[in-house]
Amino acid sequence: MAYIDGYVLPVPRENLPAYRRMARLGGKVWKEHGALAYVEAIGDDVKPGKHTSFPQAVKLKEGEVVVFAYVLFRSRAHRDRVNAKVMADARLQGWNLGNMPFDGKRMFWGGFKPIVDL
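Under an unreviewed UniProt entry, the chain has the name RNA signal recognition particle 4.5S RNA and belongs to Stenotrophomonas daejeonensis.

Below, the structure is given as structure tokens:
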């Protein structure tokens, strides 16, 4: 079984071109350092729910879209090795949640161990 890092965040529609450039660079760096897959997806059918939903989780505002992303690794140990290399990569040294084309305070992420992998 593999290991997955998952991310959910709100992006202003006007910032989507900048976000896409950032995501392409991120994907390139993660893949070069060993990630098996890197996927960024823009919400297409993510309606607000009655109790919870993607829009509610990121406190989606007018003019924003939800982005769901994941990075696939061989294992948690592999993820930790790859992420250490990614964080040390000079191409990403200017990245911090304060200068991104989205509100990093409303982003959430975590590592996941699959329980079904067909």
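A. Looking closely at the side chain of Glu64. Note on placement: Glu64 falls in strand E3 (residues 64–73). Of the residues examined, Glu64 reaches a relative accessible area of 12% and is grouped as buried. Within the structure, Glu64 has its side chain in polar contact with the backbone nitrogen of Lys61 (distance 2.7 Å).

B. Structural context of the pattern of salt bridges. Tallied over the entire structure, the rule returns seven salt bridges. With its nearest N and O atoms 2.3 Å apart, the salt bridge here joins Asp45 to Lys47. Across the pair, exposure class does not vary: Asp45 and Lys47 are exposed alike. For Asp89, the salt bridge is made with Arg91, and the minimal N-O distance between the two is 2.8 Å. Judged by relative accessible area, which is 10%, Asp89 ranks as buried.

C. Broad picture of the sheet that holds E3. If you trace the four strands from one edge of the open sheet to the other, you get E2-E3-E1-E4, paired in antiparallel fashion. Each having just a single partner strand, strand E2 (37–42) and strand E4 (108–112) make up the two edges of the open sheet. Each strand of the sheet is rotated relative to its neighbour by a mean of 15°, with strand direction disregarded. Pairing of strand E1 (residues 3–12) with E4, which is carried by five bridges, proceeds in the antiparallel orientation. Across the sheet, the residue bridging to Gly6 is Gly110, located in E4. Contacts from helix H1 (residues 16–32) reach E1, E2 and E3, with the element oriented near 165° to E2.

Parameters and conventions
- Residues numbered from 1 in each chain as written.
- Predicted model: local features only at pLDDT ≥ 70, side-chain atom pairs only at ≥ 80, totals over all residues.
- Heavy atoms only, no water.
- Helix = DSSP H or I, 4+ residues; strand = E, 2+ residues; numbered from the N terminus.
- Buried < 20%, exposed > 50% of the residue type's maximum accessible area, 1.4 Å probe, protein only.
- Polar contact = N/O pair within 3.5 Å; in protein donor to acceptor, adjacent residues only side chain to side chain.
- Salt bridge = Lys/Arg side-chain N within 4 Å of Asp/Glu carboxyl O.
- Pairing = 2+ DSSP bridges.
- Axes fitted to C-alpha atoms, helices over the stretch in contact; angles between N-to-C directions.
- Contact = heavy atoms within 4.5 Å.

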